[in-house]
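Below are the chains, spelled out letter by letter.
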Amino acid sequence: MSTADIRSVLRGGGDRFIYLSSALAALNGLLFGFDTGIISGAFLYINDTFAMSPLVEGIVMSGAMAGAAAGAALGGRLADTLGRKRLILLGAAVFFVGSLTMAVAPTVPVLVAGRLIDGVAIGFASIVGPLYISEIAPPRIRGSLTSLNQLMVTVGILVSYFVNFAFADAGAWRWMLGTGMIPAVVLAIGMLKMPESPRWLFEHGREEEAEAVLERTRQGDIDEELAEIRETVEKQSGTGIRELLKPWLRPALVVGLGLAVFQQITGINAVMYYAPTVLESTGFGDVTSILATVGIGAINVAATVVAIALIDRVGRRRLLLTGIGGMIATLVALGAVFYLPGFGGMQGILATGSLMLFVAFFAIGLGPVFWLLISEIYPLAVRGGAMGLVTVANWGANLLVSLTFPLLTANAGKPQTFWLFGVFSLAALLFSYRYVPETKGRSLEAIESELRENIGTTETAD
């Protein structure tokens, strides 16, 4: 895209364009969320077509996680080489193919293949959505805009629940899964006229184009920000992913990997993937279970909106600690619910309420804060690769939880499984209190500069 083209696209500029471009990039989150939610409802009816053991159920469910881990491993490098925008377009195409494959799958292996393909696209999306937004947004609203990606994850989950409910009476799981082609097309069309990230453009020697983007997306003088970007690029010339192992970046690596694993082993996607199945076990019917998950999805969206409103005012760290504390309490309560008698459907109502509160606390803390922080704390030269590495860990943990959840509940029981998630949540709280920094209101270059200063100039030069 030429400079003239960019200036044409950015006509009107300022915050209006920032919100538009961020909203379009956040559709990556919608794909992420849609895949998470759609399989939970479809799963109730896939067993009517294909008889599956608990192990095979886990393989089908976790197929997307394995694909996402692979997509994240590739996506970090592709984001740094192809660019953020091209990777978004590639991810949309891959998601379309995966959704189509699942919709027409004649056998379980083909269904798993479709889940794997879908997962690769989700791996791309989970990296490039927050990355693109964080690099194009000004510091004063970067937190809320980057968290818009997480909001769209929750919207995608909620939309998928409505789709599941619409097809529930017919048990049309193929239509449920095939509907994923629609957001993929919307994302691809929407991103076609959006510009590349200004920081990526600058890093690749396209300074005039980068300046054109910044001129239209900032209020006031851009010279200081350009100077910061120029200094950072020059300082990082010739660096690679191995830079993450140097002393000055180890704290950022520890924070990213730690939060990546804790976000999953505390149980959020076990809840999202298996919520209808869990609720069905409390005495709810199929359609009632799916309808209850719509309420859970709505709470997820509402709590994420609250987080977006607060994250640039309250700060990342405070929201994170508050959210995890609430998760611990609700997981303890959720496990206890299964020891109650199931009279009058009360067990199902209490389980639904506990799930709603658990999701709400996740949505104000560990959900958005993790994705925001990993888009902020890594230097420009390795940002895509570092986010790829951390996201691989996230999807690897997701794979482990989704694969083992049916086995854990079948052998240990649901109460013990949710209490185990509570123990992991307590560990996450202690980890976050000790290691997670505050990045509110600071430029990406300032965050990097502090990391270097904290370790000392001598070690930085090693």
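Quick caveat, the model's predicted, so the values are computed rather than measured.

Caption draft 1: Highlighting the packing of helix α13 (residues 250–265) against helix α18 (residues 366–376). Where α13 contacts α18, the two axes come as close as 10 Å, and the packing angle between them is 155°. Comparing the axis directions of α13 and α18 gives the class roughly antiparallel. Seen from above, α13 lies across α18 with left-handed handedness. In contact with G256, L259, A260, F262 and Q263 of α13, α18 contributes L366, G367, F370, W371, L373 and I374. Of the residues assigned to the contact of α13 with α18, the class counts are eight nonpolar, three polar and no charged.

Caption draft 2: Here's a closer look at the nonpolar core. Formed by 109 residues in total, the largest nonpolar core has its most connected members in L259, Y378, W395 and F418. Excluding residues within four positions of it along the chain, F418 makes contact with V271, V278, L331, L334, G335, F338 and F405. Counting residues in hydrophobic clusters, the runner-up holds 23 residues, among them A105, M176, L177 and I290.

Caption draft 3: Representation of the side chain of D80 within the structure. Looking at the element boundaries, D80 is found in helix α4 (residues 54–81). D80 sits in the buried class, given a relative accessible area of 13%.

Caption draft 4: Local environment of empty space enclosed by the protein. The tally for this structure, following the rule as stated, stands at one cavity of 30 Å³ or more. Volume-wise, the largest cavity comes out at about 140 Å³. Forming the boundary of the largest cavity are 13 residues, of which Q150, V153, I268, N269 and F362 lie nearest the centre. Its residues assigned to classes, the lining of the largest cavity shows seven nonpolar, six polar and no charged.

Caption draft 5: Representation of the side chain of T179 within the structure. Secondary-structure assignment places T179 in the loop between α8 (173–178) and α9 (181–191). The exposure class of T179 is buried, given its relative accessible area of 17%. At a separation of 2.5 Å, a polar atom in the side chain of T179 contacts the main-chain carbonyl oxygen of W175. Ignoring anything within four residues of it in the chain, the contact list for T179 reads F34, V163 and F167.

Criteria and cut-off values
Residues numbered from 1 in each chain as written. Predicted model: local features only at pLDDT ≥ 70, side-chain atom pairs only at ≥ 80, totals over all residues. Heavy atoms only, no water. Axes fitted to C-alpha atoms, helices over the stretch in contact; angles between N-to-C directions. Helix = DSSP H or I, 4+ residues; strand = E, 2+ residues; numbered from the N terminus. Parallel < 35°, antiparallel > 145°, perpendicular 65-115°, else oblique. Left-handed = near helix turned anticlockwise from the far one by under 90°. Contact = heavy atoms within 4.5 Å. Nonpolar A, V, L, I, M, F, W, Y, C, P; charged D, E, K, R; others polar. Core = buried A, V, L, I, M, F, W, Y, C linked by side-chain atoms within 4.5 Å. Buried < 20%, exposed > 50% of the residue type's maximum accessible area, 1.4 Å probe, protein only. 1 Å grid on protein atoms, 1.4 Å probe; cavity = no way out; pocket = protein on both sides within 12 Å on 5 of 7 lines; lining within 4 Å. Points joined across faces, edges and corners; volume = space filled by probe spheres on them. Polar contact = N/O pair within 3.5 Å; in protein donor to acceptor, adjacent residues only side chain to side chain.

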